[in-house]
Amino acid sequence: MIKYSVVGTPAEVRDYLDRFTEHTRADELIVATQAKDTEAWLRSYALLADVSGLVPA
């Protein structure tokens, strides 16, 4: 799992996931996050959803 980890700004994560998806020809991704608490965990997914276009900007 560590082989395909990504850390960075929301834009860097979006760009990496776009390249990764294109390279693997994946039609969906499973994303896991490790955060120190619930607030950080929710923030991580909110940022990912935002850059993925899953929520209004």
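Cut-offs applied
- Residues numbered from 1 in each chain as written.
- Predicted model: local features only at pLDDT ≥ 70, side-chain atom pairs only at ≥ 80, totals over all residues.
- Heavy atoms only, no water.
- Helix = DSSP H or I, 4+ residues; strand = E, 2+ residues; numbered from the N terminus.
- Buried < 20%, exposed > 50% of the residue type's maximum accessible area, 1.4 Å probe, protein only.
- Axes fitted to C-alpha atoms, helices over the stretch in contact; angles between N-to-C directions.
- Parallel < 35°, antiparallel > 145°, perpendicular 65-115°, else oblique.
- Left-handed = near helix turned anticlockwise from the far one by under 90°.
- Contact = heavy atoms within 4.5 Å.
- Nonpolar A, V, L, I, M, F, W, Y, C, P; charged D, E, K, R; others polar.
- Phe/Tyr/Trp six-rings, centres within 6.5 Å; stacked < 30°, edge-to-face > 60°.

Caption draft 1: Broad picture of unusual backbone geometry. For Arg25, which is not a glycine, the phi torsion comes out positive at approximately 60 degrees. Within the secondary structure, Arg25 sits in the loop between helix H1 (10-24) and helix H2 (38-51). Its relative accessible area of 77% is what places Arg25 among the exposed residues.

Caption draft 2: Layout of the packing of H1 against H2. Direction vectors running N to C along H1 and H2 enclose 60 degrees, while the axes themselves pass 9 Å from each other. In terms of axis orientation, H1 runs oblique to H2. As H1 packs across H2, the resulting crossing turns out to be right-handed. Residues Pro10, Ala11, Val13, Arg14 and Leu17 of H1 form the contact with H2, whose own contacting residues are Leu47, Leu48 and Val51. Along the lines of polarity and charge, the residues of the contact of H1 with H2 split into 7 nonpolar, no polar and 1 charged.

Caption draft 3: A look at the packing of aromatic side chains. Considering all chains together, one arrives at 3 aromatic pairs under this definition. An aromatic cluster is present here, built from Tyr4, Tyr16 and Phe20 joined pairwise through their rings.

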